[in-house]
Amino acid sequence: MPSASRPFDRLSPEELTTLNRAHRADRFHDHCGVFGVHGHEDASHLTYLGLYALQHRGQESCGIVSSNGKEHIAHRAMGLVADTFGTEILERLKGRHAVGHVRYSTAGGSMLRNAQPICANTDGGPVSIAHNGNLVNAGVIRRELEGRGAIFGSSSDSEVLLHLLARSRERHMEDRFIDAISRVKGAFSIAMLTDDALIAARDPHGFRPLSIGRKDGAYIISSETCALDLIGATHERDVDPGEVIVIRRGRLRSIRPLSREADEHFCIMEQIYFARPDSHLVGHNVYAYRKELGRVLAREHEVAADMVVPVLDSGNAAALGYAEEAGIPYDTALIRNHYVSRSFIEPTQKIRDFKVRVKHNAIRGFLEGKRMILVDDSIIRGTTLVKIVGMLRAAGAREIHVRISSPPTIGPCHYGIDTPNKEELIAYTHTIEEIRDKIGADSLGYLSVEGLRNTAAKELKRGICDGCFSNDYPVPIDPLQSMPQLTLFRAVKEVETE
Ligand code: AMP
């Protein structure tokens, strides 16, 4: 990889490709978003806009399926929503009902046949499913079904839902759906289209968000409320953990078939990092929550400094909260290139290092002799902070105190967030003092697990999943599920050229 001073016209073709990709993909890179419309003449256009607002939840593939009351019309593609859907395609997606999906693969490879919504024709009519979350027993169910002759068309865990639904002996589609979701374990927020109904559900633990909205008499289902805002829909309420919503002929029916003995475990990483700050998740504004975490962090790890600086954009709200609580001015000493996507998902460390440099730059001259508190939401591999701390020092900063608005990330997520394997997590392999040394900071302070839990209890007033920080995983993991997906596809070579 080139050094910071090497001009771009001397980059190798491989480096140029990397840079181009980075510039084209100026969006977050994480798990999935779902969206659904029931009973609106512009159903597919509204779904397009909804997915546009949910793009930060997945940039790998996207899809919309509409229903004209009899058949489903689908369009799925690799890539971003804005690059995939034009007027011509949306005109073809006719009907008053639609579901859509944006995907970043957390289970199953990155390829078109894993794109969602997944469609099937059953003896009860067409069904299309959009799923957010990870099913921890999908591998076991898949083996069992394959043993009985089922043929799977993708390596996505979501496909087992369709198979279970198609095999159910129940007559009505909603009962078949309930049959299917009663067999799977783990995290799911689902929007499913039948010929005439939109069905939505959240798993009994409520890991992933899902909201209900209304517009012009139509019902809307969305992973986040920011998408409701964009289309001018009102936010009615959230789907409850374990609740199934059936919307048919303009009427919403709520069923609670899944046992509520399970505690609620809302994914706290949604609030800390993933969701858009303008969304309201489980009744709480994400931006306000992040600021509150910053305030708690300031109380836990006080230090004298001239300014509080966020790592853009992930540290913005927490840095503001920290600055307010500590009474130290908030300042942006870094400038972010907005055309570069999240850095740590890149396949090799070299590319990740380079992208951090392309993404952030320190304002020289302004930092000379200053003591700063640098705030980010999390440290995963440490790539970002090693580079940024080095950059700030090179720009003249005298002291750099790093503060993180979540506890050390010591484990992966099994419920739908693409955190890397344990061995790649710097807080799993290093002590806090070793991390401080590695990133070159004068001090390093993480929010405590207790601070995180107390804030959740006070602000969210519900149970959370903090497994990646505490190793407390609420749903046991099926060992098959944590194997690379390729082992499930022994006979098929996973190469596609879309
Ligand atoms: P790293 O450079 O590997 O330490 O990654 C840290 C950066 O990644 C932080 O700025 C976070 O905002 C961001 N981040 C944290 N968790 C995730 C995730 N699961 N997916 C993508 N980015 C993340």
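Remember, it's a predicted structure, so these values are computed and weren't measured experimentally.

## Description of the side chain of Arg202
So, point 1. Position of Arg202 relative to the elements: it lies in strand β8 (residues 197-202).
So, point 2. Comment: no salt bridge for buried Arg202; closest opposite-charge side chain is Glu264, at 4.7 Å.
So, point 3. Polar side-chain contacts of Arg202 include one of 2.8 Å to the backbone oxygen of Arg208.

## Looking at the sheet that holds strand β21 (residues 399-404)
So, point 1. Strand order in the open sheet formed by 4 strands is β17-β20-β21-β22, and the pairing between neighbours is parallel. Each edge of the open sheet carries a strand with a single partner, namely β17 (307-310) and β22 (443-446). Within this sheet the neighbouring strands show an average axis-to-axis angle of 25°, counted without direction.
So, point 2. As defined by bridge partners, β17 adjoins strand β20 (residues 371-376) across 4 bridges and the pair is classed as parallel. The residue bridging Val309 from the neighbouring strand is Leu374, located in β20.
So, point 3. Lying over the sheet, helix α10 (residues 286-300) contacts β20, β21 and β22, oriented at roughly 125° with respect to β22.
So, point 4. Against the sheet, helix α13 (residues 383-394) contacts β20 and β21, and its axis sits at roughly 155° relative to β21.

## Comments concerning the packing of helix α6 (residues 159-167) against helix α7 (residues 173-183)
So, point 1. At a minimum axis distance of 8 Å, the contact between α6 and α7 shows a crossing angle of 130°. Judged by the angle between their axes, α6 and α7 are oblique. With respect to the hand of their crossing, α6 and α7 are arranged in right-handed fashion. Residues Leu161, Leu164, Leu165 and Ala166 of α6 lie in contact with α7, whose contacting residues are Met173, Arg176, Phe177, Ala180, Ile181 and Arg183.
So, point 2. Among the residues making up the contact of α6 with α7, the classes are represented as 8 nonpolar, no polar and 2 charged.

## Let's talk about the sheet that holds strand β12 (residues 244-248)
By definition, the strands of a sheet pair up through backbone hydrogen bonds, in either a parallel or an antiparallel sense.
So, point 1. One open sheet holds the 6 strands; their spatial order is β5-β6-β7-β8-β12-β13, and the pairing between them is antiparallel. Among the strands making up the open sheet, the edge pair consists of β5 (118-122) and β13 (251-255). The sheet shows a mean angle of 20° between the axes of neighbouring strands, direction not considered.
So, point 2. As paired elements, strand β7 (residues 189-193) and β8 share 5 bridges and run antiparallel to each other. Each bridged residue has a counterpart across the sheet, and for Ala191 the counterpart in β8 is Ala200.
So, point 3. The strands touched by α7 are β5, β6 (125-132), β7, β8, β12 and β13; relative to β12, the strand with the most contacts, the crossing angle is about 160°.

## Some points on the environment of Glu270
So, point 1. Mapped onto the elements, Glu270 comes out in helix α9 (residues 268-274).
So, point 2. On a C-alpha basis, the gap between Glu270 and Phe207 in space is 9.3 Å, while along the polypeptide they are 63 residues apart.

Thresholds applied
- Residues numbered from 1 in each chain as written.
- Predicted model: local features only at pLDDT ≥ 70, side-chain atom pairs only at ≥ 80, totals over all residues.
- Heavy atoms only, no water.
- Helix = DSSP H or I, 4+ residues; strand = E, 2+ residues; numbered from the N terminus.
- Buried < 20%, exposed > 50% of the residue type's maximum accessible area, 1.4 Å probe, protein only.
- Lys, Arg positive; Asp, Glu negative; His and termini not counted.
- Salt bridge = Lys/Arg side-chain N within 4 Å of Asp/Glu carboxyl O.
- Polar contact = N/O pair within 3.5 Å; in protein donor to acceptor, adjacent residues only side chain to side chain.
- Pairing = 2+ DSSP bridges.
- Axes fitted to C-alpha atoms, helices over the stretch in contact; angles between N-to-C directions.
- Contact = heavy atoms within 4.5 Å.
- Parallel < 35°, antiparallel > 145°, perpendicular 65-115°, else oblique.
- Left-handed = near helix turned anticlockwise from the far one by under 90°.
- Nonpolar A, V, L, I, M, F, W, Y, C, P; charged D, E, K, R; others polar.

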